[in-house]
Amino acid sequence: MTSRPHTSEDTSVFQLPGAFCYRLNMTESSSNKLLNGDACQRSSKDKKSGKNGFVKNHCLFQQPQKYRRPREKNHNVVRNPSLYNKPFVESYEETPLLVAVLTYMGYGILTIFGYLRDFMRHWNIEKCSVARERDEQKDFVPLYQDFENFYTRNLYTRIRDNWNRPLCGVPGSKMDIVEQVSHDYNRTFQNTGKIMRDVINMGSYNYLGFAENVGQCADAAIQVTEKYGSGVCGTRCEMGNLDIHQEMEELVARFLGVESALTFGMGFATNSMNIPALAGKGCLILSDELNHASLVLGARLSGSTIRVFKHNNMVSLEKLLRDAIVHGQPRTHRPWKKLLIVVEGIYSMEGSIVRLPEVIALKKRYKAFLYLDEAHSIGALGPNGKGVVDYFGLDPKDVDIMMGTFTKSFGAAGGYIGGKRELIQYLRSHSHSAVYATSMPPPVAQQIITSMTTIMGEDGTSLGADRLRQLSENTTYFRRKLREMGFIIYGNDDSPVVPMMLYMPAKIGAFGREMLKRNIGTVVVGFPATPIIESRARFCVSAAHTRETLDVALKAIGEVGDLLQLKYSRHQPTVTPGLGWMSEESYLQD
């Protein structure tokens, strides 16, 4: 195969749609791999394999062993340990065989009875309370797709009382929930007039505890409301650009360590409306298979060609990059105008952290651009709370587009994009979110400013550093206790997002209800939001949680785990000190 020409132009500035995409000279030996580190194998000393399952533990600093074909899910192994300066541990215990079989059987039974009930609804044997086509429209293209709504009708409706619960207070470490009751099998709900007080909140993304109605953030927001009002009633390019917005963007750029930043009033739209401005027809987007829906929607709206690589799998990503450069665009084989890698910092359903050092190495080698979504990682990772870039000690300039949201660690709303000054100037005039959306309300902007200056320590106190340390300690403690209790949990040891596996469909609703009976609010997730045999409960640890609060939650989780038989783990945990990112120096010295 003939090699493609490789240009020598500078690629430091993000190119606009239509610009020429640089190709790699493929005359070099194919054996000269970028990611040539030894695969990290499971240690037989501290990992006990069971008959129906085994532990998948990915540790960076294990001793190199003779290569053997990895059996772990997604083949998530560190390919180049030299790129990391700290331990990188992610564990995914294999689903026990018996549990997997019973889970498939459960979904099979639900499917059979679902079709039976649909048959009875069709012949008016059972009352139909869901949306369906009228008889007058039977000759038209159906508006409601029956198969797409199958699980909504027959599974989600049965357990929908676990979601959409109305709160009547601040969603801090504890919250107040309005009690509801349904008399028609969860089709409609009525408030009972009672309020469940002091429910421990284990589901909100309040990582640093800034979702509060007292303290310096709340006081500053009140003062700004009195000065500017509660709304702007205009876009940034018209009459909605306030001095507080410019102050906020300058602070965000300084916090991220980039040249410039642009903020938006909605986190979801930050992805879905800006990716189409950065890529278009003739561009190739390489997307992680577990990327958020906002990233998926933005990629689809851009009109670019989309190719998906396995989650956090650098071998899969490199293969797609090589194929893109060798073969070019379909049919014409012309060079792609742009290669854009799209990843997240922390994956909100998996609790895993992106292998950013390896992604950056691949991005540099193949002359691609990198779009990093730090919605869950900004403020929650790193010694300084600056996200996954800070967590790995990398240079922010190596990330072309840094995206994040203020809806989680900052206790506010909206999102941002940071990068080179030319990129931000381009987005100000080409992004639909920047041109057409109403400006961020002044109280929200002040909440962001106050919380961010607190994290940076510019408020004259150590409150930000204390909350970062508390979050790290809570995350390590909570994950360790769940493992010791025998639960299967996913993700990175430093991730405050903690998925706990439930597997069987009947246990999704049962777990949420039993936890609420014990005054614990949790989030449960099932198919089709997750793989069919990987239903889970997702806990979000916060710096606002005290050790006593976590102990109460852990006790309730243990009781419900025994009641529903959720302690599937066959791994015998060893008591080891926490490896939170705040204690990495002492660990390396040991």
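Our structure's up above, just so we're on the same page.
Residues numbered from 1 in each chain as written. Predicted model: local features only at pLDDT ≥ 70, side-chain atom pairs only at ≥ 80, totals over all residues. Heavy atoms only, no water.

Caption draft 1: Looking closely at the sheet that holds strand 8 (residues 338-344). Strand order in the open sheet made by the seven strands is 5-11-10-9-8-6-7, with mixed pairing throughout. This sheet does not close on itself; its edge strands, each paired only once, are strand 5 (260-264) and strand 7 (305-309). Strand-to-strand twist in this sheet, taken as the mean axis angle between neighbours without regard to direction, amounts to 20°. The pairing of strand 8 with strand 9 (residues 369-373) spans five bridges and is parallel. Bridging across to strand 9, Val343 finds its partner in Leu372. Lying over the sheet, helix 8 (residues 314-327) contacts strand 6 (283-288), strand 7 and strand 8, oriented at roughly 150° with respect to strand 7. (Pairing = 2+ DSSP bridges. Helix = DSSP H or I, 4+ residues; strand = E, 2+ residues; numbered from the N terminus. Axes fitted to C-alpha atoms, helices over the stretch in contact; angles between N-to-C directions. Contact = heavy atoms within 4.5 Å.)

Caption draft 2: Here's a closer look at empty space enclosed by the protein. Applying the stated rule across the entire model yields five cavities of 30 Å³ or more. Put simply, the second largest cavity is a space of about 70 Å³. Together, Arg236, Thr263, Phe264, Gly265, Ser433, Ala434, Ala437, Thr438, Ser439 and Met440 line the second largest cavity. At the level of elements, strand 5 and helix 12 (432-436) are the ones that each hand at least two residues to the lining of the second largest cavity. Here the lining of the second largest cavity is built from residues that sort into four nonpolar, five polar and one charged. (1 Å grid on protein atoms, 1.4 Å probe; cavity = no way out; pocket = protein on both sides within 12 Å on 5 of 7 lines; lining within 4 Å. Points joined across faces, edges and corners; volume = space filled by probe spheres on them. Nonpolar A, V, L, I, M, F, W, Y, C, P; charged D, E, K, R; others polar.)

Caption draft 3: Here's a closer look at the pattern of salt bridges. Scanning all chains against the criterion turns up 23 salt bridges. In this structure, Asp398 engages Lys364 in a salt bridge whose closest nitrogen and oxygen atoms are separated by 3.3 Å. Placement of the pair is Asp398 in the loop between helix 10 (388-392) and strand 10 (401-405) and Lys364 in helix 9 (residues 356-365), with a sequence separation of 34 residues. On the basis of relative accessibility, which here comes to 46%, the residue Lys364 falls in the partly exposed class. One salt bridge connects Glu534 with Arg536, and the closest N-O pair in it is separated by 3.1 Å. For the pair shown, Glu534 and Arg536 are each scored as buried. (Salt bridge = Lys/Arg side-chain N within 4 Å of Asp/Glu carboxyl O. Buried < 20%, exposed > 50% of the residue type's maximum accessible area, 1.4 Å probe, protein only.)

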